[in-house]
Amino acid sequence: DRPCAEAIKGSYRNGTLNLPRTALVLAEGGSCVMGGSGTLKDGLFFDGEGVIPMEVVGAFVEELEDARGDIRFTAQVRSRADRTAVKALFTLQDCAYVIPYNGQRVYDLNGSIRMDDRRITCAGITGRLDSGTIKLSGDAALDDAWRLSDMHVHAQAKSVPVTIPDTMDLTVDADAA
């Protein structure tokens, strides 16, 4: 299960970049297909789709080194002059990990995160935290410098145990916006 890509080809000629769609095989059964083309003058376009196992993410993010599940994605990036537009959909499928701080387990995490230019939307994100259930939805806007400018979140928790080591253990029911 070694990461690999076969026959990656690309060219830059007469001011035009061309990266034909190329299939990549990731560790832990992941894969993606990516490609793009364009010019610096007229704009660049890149797109991709695939499946990234959470185990692969854990290789780069220490706090997720024990993570499981998959992230499916499709993405398009267009860049022209000083404006970049991103459209992407990330779908969480049966994701799980342990919170390093307190050892609590998040699992059965499913739902989607959509990015459409400068707006990020979370929809139908559900999961479990130990014996409790969690639901999350909302959206956020980004300014031209890609900084958070506005956010609306709705979170629900049912019988969620919260543990702060050597301080407290409690169970939370909440509906917050």
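Refer to the preceding data block for the structure.
Residues numbered from 1 in each chain as written. Predicted model: local features only at pLDDT ≥ 70, side-chain atom pairs only at ≥ 80, totals over all residues. Heavy atoms only, no water.

Chemist: Tell me about the overall build of the protein chain, and name the residues and values.
Modeler: From N to C terminus, the protein chain includes one helix and twelve strands. Secondary structure elements of the protein chain occur, N-terminal to C-terminal, as β-β-β-β-β-α-β-β-β-β-β-β-β. Taken over C-alpha atoms, the radius of gyration comes to 20 Å for the protein chain, far larger than the 16 Å a tight globule of 177 residues would show. Seen along its three principal axes, the alpha-carbon backbone of the protein chain occupies a region of about 65 × 40 × 25 Å. Looking at the protein chain residue by residue over its 177 residues, the buried ones come to 27%. In the protein chain, the proportion of contacts linking residues at least 24 apart, taken out of those at least 6 apart, comes to 30%. For the protein chain, the computed accessible surface area is about 11300 Å², with 55% contributed by carbon and sulfur atoms. (Helix = DSSP H or I, 4+ residues; strand = E, 2+ residues; numbered from the N terminus. Rg over C-alpha atoms; globule rule 2.2 N^0.38 Å. Buried < 20%, exposed > 50% of the residue type's maximum accessible area, 1.4 Å probe, protein only. Contact = heavy atoms within 4.5 Å. Areas by Shrake-Rupley, 256 points an atom, 1.4 Å probe, with all protein chains shown as cover.)

Chemist: Mind laying out a nonpolar patch on the surface, listing which residues take part and the relevant values?
Modeler: Where nonpolar side chains cluster on the molecular surface, the patch consists of Leu136, Leu148, Met151 and Val153 and spans about 350 Å² of accessible area. With three residues, strand β11 (residues 148–164) is the single largest residue contributor to the nonpolar patch. As for its placement among the helices and strands, leucine 148 is situated in strand β11. Its relative accessible area of 54% is what places leucine 148 among the exposed residues. (Patch = residues over 30% accessible without salt bridge, like charges linked within 9 Å, V, L, I, M, F, W, Y side chains within 5 Å. Salt bridge = Lys/Arg side-chain N within 4 Å of Asp/Glu carboxyl O.)

Chemist: I'd love a proper account of the pattern of salt bridges, names of residues and values included.
Modeler: Within this structure, the stated rule accounts for ten salt bridges. Here aspartate 117 makes a salt bridge to arginine 83, at a shortest N to O gap of 2.7 Å. Residue aspartate 117 is located in the loop between β8 (105–116) and β9 (119–129), and its partner arginine 83 is located in strand β7 (residues 83–98); the two are separated by 34 residues in the primary sequence. Linking arginine 118 and aspartate 117 is a salt bridge whose minimum nitrogen-to-oxygen distance equals 3.7 Å. By relative accessible area, arginine 118 is classed as buried at 10%. Through salt bridges with shared partners, one network takes in Arg83, Asp117, Arg118 and Asp144.

Chemist: Go over unusual backbone geometry, please, and point to the residues and values.
Modeler: One non-glycine residue with positive phi stands out, namely tryptophan 146, at about 65°. By the element assignment, tryptophan 146 lies in the loop between β10 (132–142) and β11.

Chemist: Can you lay out the packing of aromatic side chains for me, pointing to particular residues and giving the numbers?
Modeler: Applying the stated criterion across every chain yields a total of zero aromatic pairs. The ring of tyrosine 107 has arginine 105 lying over it, and the distance from NZ or CZ to the ring centre is 4.2 Å. One Lys or Arg, arginine 118, reaches over the ring of tryptophan 146 and ends 4.0 Å from the middle of that ring. (Phe/Tyr/Trp six-rings, centres within 6.5 Å; stacked < 30°, edge-to-face > 60°. Lys NZ or Arg CZ within 6 Å of the ring centre and 35° of its normal.)

Chemist: Could you give an account of the side chain of threonine 39, naming the residues involved and the relevant values?
Modeler: If you trace the backbone, threonine 39 turns up in strand β4 (residues 31–39). One polar contact links the side chain of threonine 39 to the main-chain amide nitrogen of aspartate 42, over a distance of 2.8 Å. Apart from the residues within four sequence positions on either side, threonine 39 is in contact with Gly15, Thr16 and Leu44. (Polar contact = N/O pair within 3.5 Å; in protein donor to acceptor, adjacent residues only side chain to side chain.)

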